[in-house]
Amino acid sequence: STTPYVLNFGAGPAKIPTSVLERAQSEMLNYDNSGMSVMELSHRSKTFGKILDGTKSKLKSLMDIPDNYEILFMQGGATTQFAAVFYNLVAAKQAKEGNEQEVIVDYVVSGAWSNKAAQEAERLAANERSTIKVNRVTDSKKVYGKYGSLAPEDSWQLSDPKKTAYVYYCDNETVHGVEFQQIPKVDPGVPLVADVSSNFLSRPLDVRKFGVIYGGAQKNLGPAGVSIVIIRKDLLADLNIGPVRPLMLDFKTMADNDSMYNTPPTFSIYMVGLVLEWLEDQGGLASMEKRNMAKAKKLYDVIDQSALYRSPVDVNCRSRMNVVFRLSSEALEAEFLAGVAELNMVQLKGHRSVGGIRASIYNSMPEQDVDQLIAYMNTFEKAHTS
Ligand code: PLP
């Protein structure tokens, strides 16, 4: 039987380039003449060691990661990093300033995911007997009554840099379709932390501006199961300093053991390596950025020129990865979604918390698939306007 051609607009787990899946299939039963699948290799074997090192060095060169940064492969999804970032960077600050000093952690809240990260920090800080404060620098919901707008940076209430362990933001809000168009400016002494789960490697990013960059793999990088953490080495605090934290969340333990303190998610790391190789073949991040901009622009142009579709996101913060839009009623949205399904376009339904339509158009989404969606949008509009 032949595989049906499906246009996968899913937000994550998301489409993986077909050539990558074919490559994985071709070596599924016999990796590098080992007579075994990657899944069956010992993580301590030389063969897997090469996979891990290769994946790291490809990421390093694609993102131009300097030598004073460590690359970690961790588990528990991006959500686990909400806690890991809090524990480890508070520890790094306390290593510098002393355990008794008051520490503040700053959160830029621009959508569902940064809100969840801030909530996790608030929960954990409450447990640290008040020496740690969480400050919402800005919160779009408070300022505008909704997500989809971003308060100008000069209105943010950043904390005293001397007391601030980090400033946290989510570079691309997957649910609300909000993406930062530039890196926020913070005091050079304060580490900037970015959740890039849904726009990882979609464009060049100046790693030197960050203390920590992290993301789950299952959108732009491969299958679920591995999260990548890029951390400046001076922020790796000793385990006995700062908040008590589970070993598996400790960045220094991970770094000291080359991400193999325990069994790492070997197959997911291998798949990420293949996706990185594909990215190199595509011309790297500058060329991805061009393509991603072109795909997103096409969609936003249709939305903006239409009387039927409407973007709930301000022009200055629209995501190139998750294009969200609304129709005039939920009934019409349901009809729209029923129509796309017939054309094998899947996973276009907006996140359950917001409704509407969401077209996720990550690196692996070919421009032709976006064109097909646009053709359908135009046809649907014609049929529904007189
Ligand atoms: N951060 C962002 C921006 C996301 O889009 C997601 C998931 O969609 C998460 C965090 C949570 O990721 P995970 O499900 O891997 O915990």
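Computed from a predicted structure; not experimentally measured.

Novice: Is there a simple way to explain the environment of Tyr 214 in this structure?
Specialist: Here Tyr 214 lies in strand 9 (residues 212–216). Here Tyr 214 falls in the buried class, since 24 other C-beta atoms lie within 10 Å of it. In this structure the C-alpha to C-alpha distance between Tyr 214 and Thr 79, which are 135 residues apart in sequence, comes to 11 Å. Leave out the neighbours within four places in its chain, and Tyr 214 touches Ala 78, Gln 81, Asp 195, Ser 227, Ile 228, Val 229 and Ile 230.

Novice: How do you make sense of the site of the ligand when you look at a structure like this?
Specialist: Around the ligand, the surrounding shell consists of Gly 12, Gly 77, Ala 78, Thr 79, Trp 113, Cys 170, Thr 174, Asp 195, Ser 197, Ser 198 and Gly 216. With 3 residues, the top contributor of residues to the shell around the ligand is helix 3 (residues 77–97). A per-class count over the shell around the ligand returns 3 nonpolar, 7 polar and 1 charged.

Novice: Which parts of the structure should I look at to understand the nonpolar core?
Specialist: Soluble globular proteins tend to pack their nonpolar side chains together in the buried interior. In terms of nonpolar packing, the biggest core is built from 113 residues, with Val 105, Tyr 107, Tyr 168 and Val 212 touching the most fellow members. Take this core: its biggest share by element is 10 residues, from helix 3. When neighbours within four sequence positions are excluded, Tyr 107 is seen to be in contact with Ser 114, Ala 117, Ala 118, Ala 121, Val 134, Asn 135, Arg 136, Val 137 and Tyr 168.

Novice: Just to check I follow, could you spell out the domain arrangement of the chain for this structure?
Specialist: Here the domain parsing of the chain yields domain 1 (31–280) and domain 2 (284–384). One C-alpha centre belongs to domain 1, the other to domain 2; they are set 28 Å apart. Breaking the side of domain 1 that touches domain 2 down by element, the ones donating at least two residues are strand 7 (178–179) and helix 7 (266–281). Classifying every residue of the side of domain 1 that touches domain 2 gives 9 nonpolar, 11 polar and 4 charged.

Novice: It is not clear to me how helix 8 (residues 284–304) should be interpreted in this structure. Could you clarify?
Specialist: The periodicity of an α-helix, 3.6 residues per turn, causes residues three or four positions apart to be oriented the same way. Look at helix 8: 30 Å from first C-alpha to last across 21 residues, which is about the 30 Å you get at 1.5 Å a residue. Residues Leu 285, Met 288, Asn 292, Lys 295, Ala 296, Leu 299, Val 302 and Ile 303 constitute the buried set of helix 8. Viewed end-on, helix 8 has its buried residues packed into an arc of 125°, placing them on one side of the element. The exposed residues of helix 8 that point more than 90 degrees off its buried face are Ala 286, Ser 287, Lys 290, Ala 294, Lys 297, Asp 301 and Asp 304. Considering only its buried residues, helix 8 is in contact with helix 2 (46–63), helix 7, strand 11 (322–325), strand 13 (357–360) and helix 10 (367–384).

Cut-off values and rules
Residues numbered from 1 in each chain as written. Predicted model: local features only at pLDDT ≥ 70, side-chain atom pairs only at ≥ 80, totals over all residues. Helix = DSSP H or I, 4+ residues; strand = E, 2+ residues; numbered from the N terminus. Buried ≥ 20, exposed ≤ 12 C-beta atoms within 10 Å, placed from the backbone. Contact = placed C-beta atoms within 7 Å. Near = placed C-beta within 6 Å. Nonpolar A, V, L, I, M, F, W, Y, C, P; charged D, E, K, R; others polar. Core = buried A, V, L, I, M, F, W, Y, C linked by C-beta atoms within 7 Å. Domains from an automatic or database assignment. Expected span 1.5 Å × (residues − 1). Arc of directions from axis to C-beta.

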